[in-house]
Amino acid sequence: MTIIFGTCIQKYTKIWLQTDVLIIDEISMINAETFDLLHRLGCKIRKCKDELFGGIQVIVCGDFYQLKPIVGNYAFQSSIWKQYIVKVLNLTTCFRQKDDLQFFNVLNELRLGQVSADSIEYLTKRHFIDEDSINDEYTRLFFRNLSVQFYNHKKMKDIKYKEFTFYSKDVIRDPKATALFRIPQVLTVKVNAIVMLIKNINVEEGLCNGAIGKVIQIENDEVWILMNNREIKIEAVNEDILDNVHSTIASRVGIPLQLAFSLTVHKAQGSTMKK
């Protein structure tokens, strides 16, 4: 990655110095080591060692009963957290499952690890014992990327329609840079494949990163998907990779979709899936 050190440091130092309030969401997925590192960085830049993050008001949101960090300890296990995070507000009103109190109560029991017999019976009604009983439109969740890849490959083989492959076009301006694109370099899809948008197209209309749909038609350089009972045309879009001074070091033009017969639990964290 190309870094112009003087400009980069000056720019981000200015951001740290001008920040009054920092809000960190999904705090359960940030490990203790990262939390401590941010504190030390803030203290050094702001030249203040006696306040959290060098004097920035820090508001963290999330649920430590949910996913833990991929590596390391929970943030609340850090020495800095124990020293400075002294006020905790417990939110009790549910909005996502407000129209289904039974489902909400089951989720809350699972969250606490205290599942009643009624909840077990409720969940058992949704238990499938063989693959043939599972609707293909329901997204399966796995813990590891390898399991996701295997399952997606298997479900694609089961579809009898013709296979189409789309190749992205890359422009690498800095050959030394490591470009991690969201858009896949190669996308192979069929009609009836379950796919997920991996780039915001139109947030107001629900065409955002993480939205799931079903392929209904493929033609030329376009993939039509059925999403929220609407037929949506997905075309190739541009994705830029920027360096630390916001200069474009690489670009990719491709179809912003990935297979979504299954996803990892971490990828699905925070999502609402109807199926």
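Residues numbered from 1 in each chain as written. Predicted model: local features only at pLDDT ≥ 70, side-chain atom pairs only at ≥ 80, totals over all residues. Heavy atoms only, no water.

## Considering the confidence of the model for the protein chain
Now for step 1: In the predicted model, the protein chain carries a mean pLDDT of 87, and 95% of its residues have values of at least 70.
Now for step 2: Segment residues 1-7: pLDDT under 50, and twelve contacts once partners within four positions in sequence are set aside and those in other chains are kept. (pLDDT = per-residue confidence, 0-100. Contact = heavy atoms within 4.5 Å.)

## Quick notes on the nonpolar core
Now for step 1: Formed by 28 residues in total, the largest nonpolar core has its most connected members in Ile225, Leu257 and Phe261.
Now for step 2: Ignoring anything within four residues of it in the chain, the contact list for Phe261 reads Asp136, Tyr138, Thr139, Arg140, Tyr151, Asn152, Lys155, Met156, Ile159, Asn192, Ala193 and Ile194.
Now for step 3: Counting 13 residues, the second largest nonpolar core, distinct from the first, contains Ile27, Leu52, Val58 and Ala75. (Core = buried A, V, L, I, M, F, W, Y, C linked by side-chain atoms within 4.5 Å. Buried < 20%, exposed > 50% of the residue type's maximum accessible area, 1.4 Å probe, protein only.)

## Regarding the sheet that holds strand 11 (residues 237-242)
Now for step 1: The three strands are arranged 5-12-11 in an open sheet whose pairing can be described as antiparallel. Each end of this open sheet is capped by a strand with a single partner; those strands are strand 5 (169-172) and strand 11. Taken pair by pair, the neighbouring strands of this sheet meet at an average axis angle of 15°, ignoring direction. (Pairing = 2+ DSSP bridges. Helix = DSSP H or I, 4+ residues; strand = E, 2+ residues; numbered from the N terminus. Axes fitted to C-alpha atoms, helices over the stretch in contact; angles between N-to-C directions.)

## Here's the deal with the environment of Ile212
Now for step 1: Following the sequence through the fold, Ile212 ends up in strand 8 (residues 212-219).
Now for step 2: Separated by 15 residues in the primary sequence, Ile212 and Leu197 place their C-alpha atoms 6.5 Å from one another.
Now for step 3: Not counting chain neighbours up to four residues away, the residues in contact with Ile212 comprise Thr139, Ile194, Val195, Met196, Met227, Leu263 and Met273.

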